[in-house]
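Reading the structure
What follows is the residue order along each chain.
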Amino acid sequence: MFQFPLSVPRLILLSGAYLLKKLENNWGNLFQKVKKLLFLLANLICQLKILTYHSIMLTQIINAKILTPQGWLKDGSVLMRDNKILEVTNCDLAVIGAELIDAKGMYVVPGGVEIHCHGGGGGDFMEGTEEAFRTAINAHMKHGTTSIFPTLSSSTVPMIEAAAETCTKLMAEPDSPVLGLHLEGHYLNIKMAGGQMPENIKDPDPNEYIPIVEKWNCIKRWDAAPELPGAMQFGKYITGKGIVASVAHTQAEYEDIRSAWDSGYTLATHFYNAMPGFHKRREYKYEGTVESIYLIDDMNVEVVADGIHVPPTILRLVYKIKGVERACVITDALACAVSDSNVAFDPRVIIEDGVCKLADRSALAGSVATMDRLIRTLVQKAEIPLEDAVRMASETPSKFMGVYDRKGSLQKGKDADILILDQDLNIRAVWAMGKLCFRQFELFIVRHSSFHSERQTIKSFLILFLCVTHILSSSVILSSHWSHCATLFVNRLFVHSMPANWHRMKLPIHVSTVFPDLREHGGF
């Protein structure tokens, strides 16, 4: 749609106002008022730029505290058209024809990008069926996950191919939240299997993984233990195909991790879990996988931020050492998450104390967490600032997986994946690719804004008309009586043409802040 380039006249007006500011000491009150008028015009043009979208069907979130890459934007608005963000602005002027969402001062943040999740709502991705995939994805979307890389635990080749076929189909659907498949195993250290199925674990086999990679483009990440024979060759091969290689279920020490980094491994799977830390062998001390990963500054980590897999003190340590740029959060959720079910895909797994465990309680085996719980844990228990907690759930994982060009932040042109959080960081609304998939209805005023916006536009131009007449009367071009009449006329027009509660509407600009003496005439 053609739009008039309003930025040029706005710049000219602002320049004119600046010039008049230099002259006002010599030319008196008239130039001061002309300068204010120019600022007023510039503000109107800024609003007109928003109003040029009136012919497009939009959703607009107003009265929000918005997290942008530059920081928090208070009392701003987000405009969505179809599946994209059209504008993020500090102007909350209602757009004509838009569906208006009043966020009531709550937080508006990017949707969560989940890069490690096994299932939810009773569905497990290892089932490989379309029904299981959709069930799990829909369950997590209601809790703030708007993009996902479904994860398989150690699986057989037929299981991988069944899941890859389903994943490929879902990725091809319009506005799909599925971004690719994540394989956690099966090339893992059997001694660190944890909740993985031991019968499926083996060493990397190029005769097995090369045909899989060549056949299925949906695979975007594959985890392995770097100390295994053939793990370095595996890492070089998959990263050469654009697949993220991650260190997982391992006993690797520094030399193994250093070699893995040189071979293309850039990520540590559920950091601190299924890997050793500092330890002794007889009388000597050795660094573990954890310390080795810390020593490689640019190596990325993911943490299960449920407060159980990794306690809040360690979450804060990871944040302090790795920083928001190198640490993201994951749920590592199983099928029983967001579900009344107490049954996991693996019959050895039980649910106890808000987490999944092996029945013999020898190891944790996954979580029942959701994306909103991760954010709350980081902020309320690990004392990490909200803006960084949200980034660790959205921006950082999207960068790890190479999708930050369209995911992970609220910016013009990116996918409309948006969350509204209340002051307690509970989910109040979720948009995925511009579609509202969850909302607490009682908390929002949802309506079309054409009537309201047209009234705002009329008010803006009436205020401009009033300002011009006041300046002309000040310069003796018109009499003060004429200005007084114009003020009364505009005031009367507002009273009779606006809704009964017009005086409580937020004016885009308030004329009394420019000309305080107008209050004497009973206007505004």
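So, here is what we can say about the structure in this document.

Conventions we followed
Residue positions are counted from 1 within each chain, in the order its sequence is given. At least 70 in pLDDT is required for a residue's local features to be given in this predicted model, at least 80 for side-chain atom pairs to be given and counted, and no such filter applies to totals for whole chains, interfaces and linings, which use all residues. In computing side-chain properties, one takes all heavy atoms of the structure into account and sets aside hydrogens as well as water. What counts as a helix is a DSSP run of H or I of at least four residues, what counts as a strand is a run of E of at least two, and both are numbered from the N terminus. Accessibility here uses a 1.4 Å probe with only protein chains present; expressed as a share of the type maximum, an area under 20% marks a residue as buried, one over 50% as exposed, and anything in between as partly exposed. Salt bridges are defined by distance alone: a side-chain nitrogen of Lys or Arg within 4 Å of a carboxyl oxygen of Asp or Glu. Pairing of aromatic rings covers Phe, Tyr and Trp, the last counted by its six-membered ring, and requires centre-to-centre distances within 6.5 Å; plane angles under 30 degrees mean stacked, over 60 mean edge-to-face, and any other angle means tilted. Whether a charge lies above a ring is judged from NZ of Lys or CZ of Arg, which has to be within 6 Å of the ring centre and within 35 degrees of the ring normal. Only strands joined by at least two bridges in the DSSP assignment are considered to pair. Angular values range over 0 to 180 degrees, each being the angle between N-to-C directions of two axes fitted as lines to C-alpha atoms, with helices fitted over their stretch in contact. By convention a nonpolar core is built from buried Ala, Val, Leu, Ile, Met, Phe, Trp, Tyr and Cys residues, the set being connected through side-chain atoms within 4.5 Å. The contact rule is simple, with two residues in contact once any of their heavy atoms fall within 4.5 Å. Take the far helix as your reference; a near helix turned counterclockwise from it by less than a right angle gives a left-handed crossing, and one turned clockwise gives a right-handed crossing. Gly counts as polar in this scheme, as do all residues outside two lists: the nonpolar Ala, Val, Leu, Ile, Met, Phe, Trp, Tyr, Cys and Pro, and the charged Asp, Glu, Lys and Arg. For classification purposes, an angle smaller than 35 degrees is called roughly parallel, one larger than 145 roughly antiparallel, one from 65 to 115 roughly perpendicular, and anything else oblique. Nitrogen and oxygen atoms within 3.5 Å of one another constitute a polar contact, given that in protein one can donate a hydrogen and the other can accept it, and given that sequence-neighbouring residues count only through two side-chain atoms.

**Section: the overall build of the protein**
- Each helix and strand counted, the protein has 15 helices and 24 strands in total.
- The 524 residues of the protein split such that 54% are buried.

**Quick look at the pattern of salt bridges**
- Tallied over the full model, the rule gives 27 salt bridges.
- Here lysine 399 and glutamate 395 are joined by a salt bridge, their closest N and O atoms 2.9 Å apart. Residue lysine 399 and its partner glutamate 395 are located together in helix 12 (residues 395-400), separated by four residues, close to a single helical turn.
- For glutamate 395, a relative accessible area of 8% translates into the label buried.
- Salt-bridge contacts for arginine 428 lead to aspartate 422; the nearest nitrogen and oxygen are separated by 2.9 Å. Accessibility assignment for this pair places arginine 428 and aspartate 422 in one class, buried.

**Some remarks on the packing of aromatic side chains**
- Taken as a whole, this structure holds eleven aromatic pairs when the rule is applied.
- Their ring planes at 85 degrees and their centres at 5.2 Å tell us that phenylalanine 271 and tyrosine 294 sit as a pair that is edge-to-face. Remark: tyrosine 294 occurs in helix 8 (residues 289-295) and phenylalanine 271 occurs in the loop between strand 13 (265-268) and strand 14 (279-281); sequence separation between them is 23 residues. For the residue pair phenylalanine 271 and tyrosine 294, the accessibility class agrees, reading buried in each case.
- Each residue in the set Tyr187, Tyr209, Trp222, Phe234 and Tyr237 is aromatic and connected to the rest through ring pairs, giving one cluster.
- Seen from the ring of tyrosine 404, lysine 414 lies directly overhead, with NZ or CZ sitting 3.4 Å from the centre.

**With respect to the pairing of strand 19 (residues 355-358)**
- Neither face of strand 19 is open: one carries Val355 and Lys357, the other Cys356 and Leu358, and all of them are buried.
- Strand direction decides the pairing type here: strand 18 (residues 349-352) and strand 19, joined by four bridges, are antiparallel. Paired with valine 349 across the two strands is leucine 358, which belongs to strand 19.

**Focus: the sheet that holds strand 20 (residues 364-366)**
- An order of 18-19-20 is seen for the three strands of this open sheet, with the pairing classed as antiparallel. Strands with a single pairing partner mark the edges of an open sheet, and in this sheet they are strand 18 and strand 20. Across this sheet, the average inter-strand angle for adjacent strands is 45 degrees, counted without regard to direction.

**A closer look at the nonpolar core**
- Residues Ile219, Trp222, Tyr265 and Phe271 are the most contacted members of the largest nonpolar core, which totals 80 residues.
- Leave out the neighbours within four places in its chain, and phenylalanine 271 touches Val290, Ile293, Tyr294, Val301, Glu302, Val303, Val310 and Val318.
- Core analysis: the second largest hydrophobic core is formed by 16 residues, Val78, Met80, Ile85 and Ala416 among them.

**Some remarks on the packing of helix 10 (residues 371-381) against helix 11 (residues 386-393)**
- Two elements in contact, helix 10 and helix 11, have axes separated by 9 Å at closest approach and are oriented at 145 degrees. When you trace helix 10 past helix 11, the crossing you get is right-handed. Contact residues: helix 10 offers Met371, Ile375, Leu378 and Val379, while helix 11 offers Leu386, Ala389, Val390, Met392 and Ala393.
- Residue composition of the contact of helix 10 with helix 11, grouped by class: nine nonpolar, no polar and no charged.

**Brief notes about the packing of helix 5 (residues 206-215) against helix 6 (residues 231-240)**
- Packing of helix 5 against helix 6 leaves a shortest axis separation of 11 Å and a crossing angle of 10 degrees. When the axes of helix 5 and helix 6 are compared, the pair comes out roughly parallel. Judged by residue contacts, Pro206, Tyr209, Ile210, Val213 and Glu214 of helix 5 engage Gln233, Phe234, Tyr237 and Ile238 from helix 6.
- A class-by-class count of the residues in the contact of helix 5 with helix 6 yields seven nonpolar, one polar and one charged.

**Let's talk about the side chain of aspartate 415**
- Inspection of the secondary structure puts aspartate 415 in the loop between helix 12 and strand 21 (418-421).
- A polar contact of 3.1 Å, which involves the side chain of aspartate 415, links it to the side chain of lysine 407.
- In this structure, aspartate 415 is in contact with Asn83, Lys84, Ile85, Arg406, Lys407 and Met433, ignoring residues within four places of it in sequence.

**A short note on unusual backbone geometry**
- For the peptide bond that leads from glycine 185 to histidine 186, omega is 20 degrees, which places it in the cis range.
- With respect to the helices and strands, histidine 186 occurs in strand 10 (residues 181-187).
- For asparagine 63, which is not a glycine, the phi torsion comes out positive at approximately 55 degrees.
- If you trace the backbone, asparagine 63 turns up in strand 1 (residues 59-68).
- A positive phi angle, close to 50 degrees, is found at valine 338, a residue other than glycine.

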